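Okay, here's what each chain looks like letter by letter:
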Amino acid sequence: MGAEWEHVSDIHVLLLPYPVQGHINPMLQFGKRLAHIGGVGVRCTLAITPYLLRQCQDPCPGAVHLVEISDGFDSAGFEEVGDVAAYLAGMESAGSRTLDELLRSEAEKGRPIHAVVYDAFLQPWVPRVARLHGAACVSFFTQAAAVNVAYSRRVGKIEEGLPAGFEAEDLPTFLTLPLPYQDMLLSQFVGLDAVDHVLVNSFHELQPQESAYMESTWGAKTVGPTVPSAYLDKRITDDVSYGFHLYTPMTATTKAWLDAQPPRSVTYVSFGSMATPGPTEMAEMAEGLHSSGKAFLWVVRASEASKIPDGFQERVGGRGLVVTWVAQLEVLAHGAIGCFVTHCGWNSTMEALGAGVPMVAVPQWSDQPTNAKFVEDVWCVGVRARRDPEGVVRREELERCIREVTGDDKYACNALDWKEKSKRAMSQGGSSDMNITEFLQALRRSRKSYEAKPIEPLLVGLDA
Ligand SMILES: O=c1ccn([C@@H]2O[C@H](COP(=O)(O)OP(=O)(O)O[C@H]3O[C@H](CO)[C@@H](O)[C@H](O)[C@H]3O)[C@@H](O)[C@H]2O)c(=O)[nH]1
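The rules behind the values
Residues numbered from 1 in each chain as written. Predicted model: local features only at pLDDT ≥ 70, side-chain atom pairs only at ≥ 80, totals over all residues. Heavy atoms only, no water. UniProt positions renumbered as here; feature names shortened; annotations may be inferred. Helix = DSSP H or I, 4+ residues; strand = E, 2+ residues; numbered from the N terminus. Buried < 20%, exposed > 50% of the residue type's maximum accessible area, 1.4 Å probe, protein only. Pairing = 2+ DSSP bridges. Right-handed = clockwise from strand over helix to strand, strands pointing away.

Going by what an unreviewed UniProt entry lists, the chain is known as Glycosyltransferase and is assigned to Avena strigosa. Checking UniProt for the chain, the heading Sequence similarities (unreviewed entry) contains the comment "Belongs to the UDP-glycosyltransferase family."

Below, the structure is given as structure tokens:
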């Protein structure tokens, strides 16, 4: 038993994200917060696939320890595997086996895992294994409460009516997702009544009705936004980034360029870590940015770069900077940023709210249309770009949206309001802070029953 691990009240929490950037960030960040609030008595360990561990060149997970878990594809990323069904099946079988090994080996090392916080996308196979080891099972939702509620009611799969004020285009895409994804989204709720805790990366005030519904149905608690402390409450002094970039951020180039721009003059454009807009939409976006007349910083991942029109950078000169990845939180917090053209991934959406930056929403798929609906109509912190009959956001439309958001102060004012509310939720006594504290207290209480539970052989549990 190591010297760091000698406290009678010690709790060991294993964090198990779905292995993509937009799911690793919130889970790792939650672990850092838990370790900070829990103090020396709480150890947090994040389990990551070997492939992603290699891809992240300089991890800075703060107080969180990193360990390996396999998804069955140790030498290839999800993009190389390509086949969604094969990937998800491989992840379940290799993941179950290596999770079992990990839980055993940590117990043998004298630091047994008392709780497994796992991505809701990994329901129900993670709890099946975790329970055999007597660990508390904690399902962690990385998407908005409104989206989770929509999926749980299968809205979009069966026509059972739309929520008030919602059009079909505002719902999470469901029927257009590949079948294995549809199954995964519905599986989030299979056996959810039986897990020990349900957490949501959001804060109550953002979607009060939907958060209350999740709380009354599954006892779900909001614990977000899981954004590094430096951008919110500033309680964790060295917590300045997520600490697990899967792509290398071009921080120095970006900062030098932004520093030279006037306040609130730059349009920041990023579609997160997964979106792959078609070549036509990318070309339209390029022309829309050009014709908006504003300076812009555009993140185009290396895999998407071929879709940028030839000679584009030369044509726009110093007015635009195209980069392959940035430290997004730093960019959003930079005074030069005036608006954010975003695909409305849930992390990007909450990061923009937390930074007080208004948005132009260009949702692509999955939960993003619903997030865009909230951006435009509920929080009024931006506008949504509309697609033409061919399904493309044209240059004129993008230009119109950028001009609207940067030309009317109401969007920036509303965004600044949400910045304060985000900060308050995570500050001492805020809604999410209290939920995290209560969660920790519950783990401390349940540690006793953990000690009483015998570990069963894995095969019995998996066959059941
Ligand atoms: O140059 C960049 C671009 C992005 N990011 C970060 O990458 C994350 C991206 O997350 P998100 O905005 O949620 O987008 P996706 O990567 O697309 O996330 C997936 O996961 C999310 C959470 O489930 C969903 O909401 C999205 O629809 C889904 O595509 C954010 O934390 C960003 O700060 C960077 O650090 N640098």
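Next comes the rest of the account.
*Asks:* Break down unusual backbone geometry for me, citing the residues and quoting the values.
*Replies:* The peptide bond linking Gln123 to Pro124 adopts the cis configuration, its omega dihedral lying at 0 degrees. In this fold, Pro124 is placed in the loop between β4 (115-119) and α5 (125-132). In the segment running from Gly224 into Pro225, the intervening peptide bond is cis, with an omega of 5 degrees. One non-glycine residue, Cys344, lies in the positive phi region at around 70 degrees. In this fold, Cys344 is placed in the loop between β11 (337-342) and α13 (346-355).

*Asks:* If you had to explain the pairing of β11 to someone new, which residues and values would you point to?
*Replies:* Within β11, six of the six residues are buried, leaving the element largely enclosed by the surrounding structure. Pairing geometry for strand β8 (residues 266-270) and β11, over five bridges, is parallel. What sits directly across from Thr267, in β11, is Cys339. Direction of pairing for β11 relative to strand β12 (residues 359-361): parallel, over a ladder of three bridges. Bridging across to β12, Thr342 finds its partner in Ala361. Chirality of the crossover, the property in question, places the unit of β11, α13 and β12 among those that are right-handed.

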